[in-house]
Amino acid sequence: MATLTGRGYLVSGADGVQLAEAYRGNGWVGGATADLLRQARPAMERLSRQTGESCFLGLPTPTFEVQYADKVVSESALRYDADLALVRPAYCTTIGWVLLAGLAAAELDRYFDGRQLIRLTPKTVTDEARIRAGVAEARRNGYATMTDSHVLGTSGVAAPVRRHGRVVAGLAVIAPRERFASQAARHVEATVAAAGELSRALAP
């Protein structure tokens, strides 16, 4: 039990030891992903408190969509929230762009090969060349920002989470558009710092 608790599968509480909440709602997750979730939770809680906004951890699916693995929702009455069970396209989300930015050139080519780029909002970019340019910029900057691309009225920033140099997840802050705009620089700085902190925690 101590080993399972240490690896994030079990948690101790007033009612005793039980399966971690992330696994009760969305199925069993083990190994490196379980360790990522265990390490990410406190970093996400700190990031949400620091920004006052909702924070999400996203992983790539086998078909390279984005699956939210965990979230910490803002306490503000007006906030962004999302269902963890749904998958999201990588080409029009901030987490998707930082995940795509972590791919090698051949892997990125395979991602676009035959993929339908559907316009989900009037602001969704569906031109492959423009998406590739945005992904390249995210790689250079170490983060990606978007507004109204996947959900109208929202803006977000995401930064890559790395394990041994490889991008394994994206950490994002997502908020109502106008409120995000007034604090954009601060949110970018906080998100990049939190993702870096989490990456360092995963290094051992």
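This report concerns the structure included in the present document. Computed from a predicted structure; not experimentally measured. (Residues numbered from 1 in each chain as written. Predicted model: local features only at pLDDT ≥ 70, side-chain atom pairs only at ≥ 80, totals over all residues. Heavy atoms only, no water.)

**Thoughts on the environment of R88**
Our working rule: Working definition: helices are DSSP H or I runs of at least four residues, strands are E runs of at least two. Numbering for both runs from the N terminus. Working definition: with a 1.4 Å probe on protein chains only, accessible area under 20% of the residue-type maximum means buried, over 50% means exposed, and in between means partly exposed. The contact criterion used throughout is that any non-hydrogen atoms of two residues lie within 4.5 Å. Pairs of N or O atoms within 3.5 Å make up the polar contacts considered here, provided that, within protein, one atom can donate a hydrogen while the other can accept it, and that residues adjacent in sequence are counted only when both atoms are side-chain atoms.
Here R88 shows up in strand 5 (residues 87–88). A relative accessible area of 4% places R88 in the buried class. Distance from R88 to H150, taken between C-alpha atoms, is 8.4 Å for residues 62 residues apart in sequence. Residues within four places of R88 in sequence aside, it is in contact with E65, V66, Y68, Y80, A82, D83, T93 and H150. Looking at R88, its side chain comes within polar contact range of the main-chain oxygen of D83, at 3.1 Å. From its side chain, R88 meets the backbone oxygen of L86 in a polar contact 2.7 Å long.

**Focus on the nonpolar core**
Operational definition: For the purposes of this section, nonpolar cores are sets of buried Ala, Val, Leu, Ile, Met, Phe, Trp, Tyr and Cys residues that join through side-chain atoms within 4.5 Å.
Of all hydrophobic cores here, the largest spans 29 residues; its most connected members are F56, F64, Y68, I95, W97, L100 and Y111. Secondary-structure elements contributing two or more residues to this core are strand 4 (66–72), helix 4 (94–101), helix 5 (105–112), helix 6 (128–141), strand 6 (144–147) and strand 8 (166–176). It is helix 4 that provides the largest number of residues to this core, a total of six residues. With sequence-adjacent residues up to four places away left out, W97 is seen in contact with A90, Y91, C92, I131, G134, V135, A138, A144 and M146. By size, the runner-up hydrophobic cluster in this structure holds 25 residues, among which are L37, L47, L59 and A169.

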